[in-house]
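A structural walkthrough
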Amino acid sequence: MKDALAIHRWLLAHQVHHEIVRLPRAMTCVDELPELLSASPATCVQVTVFEVMTRIGREPVAVVTSVDSPPRPGVIGGILGARRVRPATAFTVNSVTDYAAGLICPLLLPDGLTVLVDERLAGTGQVVHTPTGERHTALRIRADHLLTLVSGKTIDLVHSRSRREPATFPLAG
């Protein structure tokens, strides 16, 4: 499993200013991060993994959003033109991300994983927080720095497309 040290080393190698924050108590999922850090949920970044059923088969898709704007399966299905979208099981999340379910960092995700990023996170220099895969730490980093390092496609989760107009990008395969 990936952890705070792996993220820290990777960010140092990329010369990105960041901070690994020790949490006052252990968290079980990213939803607890705003309370633990006395931060706005809009400044806490989460990764949600879905199992997306297409004509070809089942694919995992990771969606990066703020804690206050979790992605809805129906919206993701409409964007991807999928037949069915459901939250991935903890086993699937652990397998495809190499992070503990509920504590996924948007960095160091596997190359073959389709990653979608909520465009509301882009274009800001504000400081955000995200899990590190560990229960006792979080990553503090500027949003613009984080998103330049996330290998994903930026999408509009507010004005989603209908199921008849799927996005023009394929799922990773």
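This text follows the structure it describes.
Anyway, here's the lowdown on the structure attached to this text. A quick note: this is a predicted structure, and the numbers were derived from the prediction, not measured.

Definitions and limits used
Position labels on residues start from 1 in each chain and follow its written sequence. Owing to the predicted nature of the model, reporting of local features is limited to residues with pLDDT of at least 70; listing and counting of side-chain atom pairs is limited to 80 or more, with chain, interface and lining totals taken over all residues. Note that the side-chain values use all heavy atoms of the structure and ignore hydrogens as well as water. Starting at the N terminus, helices and strands are each numbered in turn, a helix being any DSSP run of H or I of at least four residues and a strand any DSSP run of E of at least two. For the radius of gyration, the atoms used are the C-alpha atoms, and the globule rule reads 2.2 Å times the number of residues raised to 0.38. Note on exposure labels: buried denotes an accessible area under 20% of the residue type's maximum, exposed denotes more than 50%, and partly exposed covers the range between, all computed with a 1.4 Å probe on protein chains only. Two residues form a contact once any of their heavy atoms are found within 4.5 Å. Lys and Arg are tallied as positive, Asp and Glu as negative. Neither His nor the chain termini are counted. In plain terms, the charge of a residue is placed at NZ if it is Lys, CZ if Arg, CG if Asp and CD if Glu. Polar contacts, as used here, are pairs of N or O atoms within 3.5 Å; protein pairs need one atom able to donate a hydrogen and one able to accept it. Residues neighboring in sequence count only if both atoms are side-chain atoms. One side-chain nitrogen of Lys or Arg within 4 Å of one carboxyl oxygen of Asp or Glu is enough to make a salt bridge. Note on pairing: two strands pair once DSSP finds at least 2 bridges between them. For helices, the fitted line uses only the C-alpha atoms of the stretch in contact; every axis is such a line through C-alpha atoms, and the angle between N-to-C directions lies from 0 to 180 degrees.

A word on the overall build of the protein
The number of helices and strands found in the protein is 5 helices and 8 strands. Mapped from its N terminus to its C terminus, the protein presents α and β elements in the order α-β-α-β-β-α-β-α-β-β-β-α-β. Radius of gyration (C-alpha) of the protein: 15 Å, near the 16 Å computed for a compact globule of 173 residues. Projected onto the principal axes, the alpha-carbon positions of the protein cover approximately 45 × 30 × 30 Å. A burial count over the protein gives 46% of its 173 residues as buried. Counting contacts in the protein only where the partners sit at least 6 residues apart, residues at least 24 apart contribute 69% of the total. Here the protein carries 18 positive and 16 negative side-chain charges, and the mean point of each set is 6 Å from the other.

A short note on the environment of Lys2
In this fold, Lys2 is placed in the segment before α1 (4-13). Note on Lys2: relative accessible area 19%, which makes it buried. Note: C-alpha distance between Lys2 and Ser151 (149 residues apart in sequence) is 17 Å. Beyond its immediate chain neighbours, meaning those up to four positions away, Lys2 contacts Thr97, Asp98, Tyr99, Leu108, Pro110, Thr132 and Gly133. A polar side-chain atom of Lys2 sits 2.5 Å from the main-chain carbonyl oxygen of Leu108.

Overview of the pattern of salt bridges
Using the criterion set out here, one finds 6 salt bridges in the structure. Of the charged contacts, one joins Glu19 and Arg140 as a salt bridge, the two residues approaching to 3.4 Å between their closest N and O atoms. Taken together, the residues Glu19 in strand β1 (residues 19-22) and Arg140 in strand β7 (residues 137-142) connect sequence positions 121 residues apart. The salt bridge involving Arg86 is made with Glu51; its shortest N-O contact spans 3.0 Å. Here the residue Arg86 occupies a position in strand β4 (residues 84-87), and Glu51 occupies one in strand β2 (residues 45-53), the gap between them amounting to 35 residues. For Arg86, a relative accessible area of 33% translates into the label partly exposed. Residues participating in the shared-partner salt-bridge network are Glu51, Arg58 and Arg86.

Observations regarding the sheet that holds strand β6 (residues 127-131)
Hydrogen bonding along the main chain pairs the strands of a sheet, whether they run parallel or antiparallel. Read from one edge to the other, the open sheet built from 3 strands follows the order β1-β7-β6, with strand pairing classed as antiparallel. In this open sheet, the two strands that pair with only one neighbour each are β1 and β6. When the angles between neighbouring strand axes are averaged without regard to direction, this sheet yields 35°. Strands in contact with α1 are β1 and β7; relative to β7, the strand with the most contacts, it is inclined by about 25°.

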